[in-house]
Amino acid sequence: MYAWQEKSEQEGAVYAEKLPNGKHRVTLSRLIFGNRNGQFVSRSNDPQVMLIFSDEQAREVGQMVTLSDKAGWVLARLMGCFDPPANLARMEADGIEPNHFANEEFAEKQLLDRQLDIEVAWEQQDGKEFATVTPLKPSGTTTAPPSTDAPPRTNDAPPSAGMTKDQAWNAVVEAWNKRSDEPDAAKKRNEAWIKAVKDRNKPETEFDPSDWSKVAEEASLPF
């Protein structure tokens with residue numbers, strides 16, 4: 001029996017349980033940009049952000065990321081392991097730099113609530129325990145063949161079990177219409193659609209409703 005009344009009267013800081021060693025499915029649940037001493041910065045005075053990952057049991061592990069060109073590969077590798085992966089090619093085309101993620105609003109929009117698999121390894125350093133967090137590539141996202149032109153738009157509502165090709169396209173169009181003020185929005189929307197189709201790693205003739213739902217989800221993401 002959970003002691004609800006006792007817990008409601010508990011005082012002092014309460015910390016989440018530590019995510020143990022091993023592989024875990026997690027959500028990027030929080031971003032921390034600083035503490036009472038100010039913003040996080042590296043020894044080279046580059047901005048940093050602490051990424052907090054949590055699993056379904058609310059266990060957590062953190063990873064500090066430096067937002068510089070030299071260290072940006074850490075964030076790039078992480079975003080490439082999102083499920084679905086971030087659209088890194090589009091980020092590059094849009095001129096996004098690592099230091100853009102020092103802007104809290106921008107970083108939260110692109111990073112929060114993304115899911116991925118990680119491997120956690122705790123080790124002792126100078127009497128303190130630190131975690132090494134290694135992002136793992138999602139299965140089934142290797143590059144593959146044929147893309148197709150985007151299908152015509154229809155007004156069918158997507159079923160709960162999945163989507164047809166037309167319904168997936170409708171969902172993507174609707175998502176991108178909310179960003180219609182973005183330069184070249186239609187072009188970027190079509191590029192995102194084609195990439196999401198390619199990322200299924202099989203011809204469209206083998207797509208099922210869950211595949212089209214995944215395409216809609218990936219192609220609707222900002223990056």
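Residues numbered from 1 in each chain as written. Predicted model: local features only at pLDDT ≥ 70, side-chain atom pairs only at ≥ 80, totals over all residues. Heavy atoms only, no water.

(A) Highlighting empty space enclosed by the protein. Across all of its chains, the model carries one cavity of 30 Å³ or more by this definition. Looking at the largest cavity, its volume works out to about 100 Å³. Looking at the lining of the largest cavity, the element that brings in the most residues is helix 6 (residues 185–198), giving three residues. For the lining of the largest cavity, the class distribution of residues is seven nonpolar, one polar and four charged. (1 Å grid on protein atoms, 1.4 Å probe; cavity = no way out; pocket = protein on both sides within 12 Å on 5 of 7 lines; lining within 4 Å. Points joined across faces, edges and corners; volume = space filled by probe spheres on them. Helix = DSSP H or I, 4+ residues; strand = E, 2+ residues; numbered from the N terminus. Nonpolar A, V, L, I, M, F, W, Y, C, P; charged D, E, K, R; others polar.)

(B) Molecular detail of the confidence of the model for the chain. On average, the chain scores 82 in pLDDT, and the residues at 70 or more come to 82%. At the level of individual helices and strands, the chain shows its lowest average pLDDT in helix 1 (residues 4–8), which scores 65, and its highest in strand 4 (residues 48–54), which scores 96. Across residues 141–160, confidence stays below pLDDT 50; counting only partners more than four residues off in sequence or on other chains, it has 39 contacts. (pLDDT = per-residue confidence, 0-100. Contact = heavy atoms within 4.5 Å.)

(C) Just the sheet that holds strand 5 (residues 60–66), in detail. Spatially, five strands are ordered 5-4-1-6-7 in an open sheet, and the strand pairing comes out antiparallel. Sheet topology places strand 5 and strand 7 (128–136) at the edges, where each strand pairs with a single neighbour. For this sheet the average axis-to-axis angle between neighbouring strands, irrespective of direction, equals 45°. Note: strand 4 against strand 5, seven bridges, orientation antiparallel. Considered in strand 5, the bridge of Val49 is made with Val65. Packing against the sheet, helix 2 (residues 72–80) makes contact with strand 1 (22–32), strand 4, strand 5, strand 6 (115–125) and strand 7, and its axis sits at approximately 135° to strand 5. (Pairing = 2+ DSSP bridges. Axes fitted to C-alpha atoms, helices over the stretch in contact; angles between N-to-C directions.)

(D) Molecular detail of the nonpolar core. Membership of the largest hydrophobic core comes to 27 residues, with the highest contact counts inside it found for Leu51, Phe53, Phe101, Leu111 and Ile118. Every element with two or more residues in this core is listed here: strand 1, strand 4, strand 5, helix 2, helix 4 (104–111) and strand 6. Looking at this core, the element that brings in the most residues is helix 2, giving four residues. Each residue touching Leu111, except ones within four places of it in the same chain, is listed here: Leu28, Leu31, Leu51, Leu75, Met79, Phe82 and Phe101. Counting residues in each nonpolar core, the second largest holds 16 residues, with Ala168, Trp176, Trp212 and Val215 among its members. (Core = buried A, V, L, I, M, F, W, Y, C linked by side-chain atoms within 4.5 Å. Buried < 20%, exposed > 50% of the residue type's maximum accessible area, 1.4 Å probe, protein only.)

(E) How the structure looks around the packing of helix 6 against helix 7 (residues 209–219). Two numbers describe how helix 6 lies on helix 7: the axes approach to 8 Å, and their chain directions differ by 140°. By the angle class used here, helix 6 and helix 7 are oblique. Between helix 6 and helix 7 the crossing geometry is right-handed. Residues Ala192, Trp193, Ala196 and Val197 of helix 6 form the contact with helix 7, whose own contacting residues are Trp212, Val215, Glu218 and Ala219. (Parallel < 35°, antiparallel > 145°, perpendicular 65-115°, else oblique. Left-handed = near helix turned anticlockwise from the far one by under 90°.)

(F) Expanded view of the packing of aromatic side chains. The final tally for this structure, using the stated rule, is four aromatic pairs. With 5.1 Å between their ring centres and 70° between their planes, Phe101 and Phe106 make a pair best called edge-to-face. Residue class for Phe101 comes out buried when judged on its relative accessible area of 2%. By way of ring pairs, the aromatic residues Trp169, Trp193, Phe207 and Trp212 are connected into one cluster. Its guanidinium or amino end placed over the ring of Trp122, Lys18 lies 4.6 Å from that ring's centre, counting from NZ or CZ. (Phe/Tyr/Trp six-rings, centres within 6.5 Å; stacked < 30°, edge-to-face > 60°. Lys NZ or Arg CZ within 6 Å of the ring centre and 35° of its normal.)

(G) Fine view of helix 7. If you check which residues of helix 7 are buried, you get Asp211, Trp212, Val215, Ala216, Glu218 and Ala219. On the buried face of helix 7, the contacting elements are helix 5 (165–177) and helix 6.

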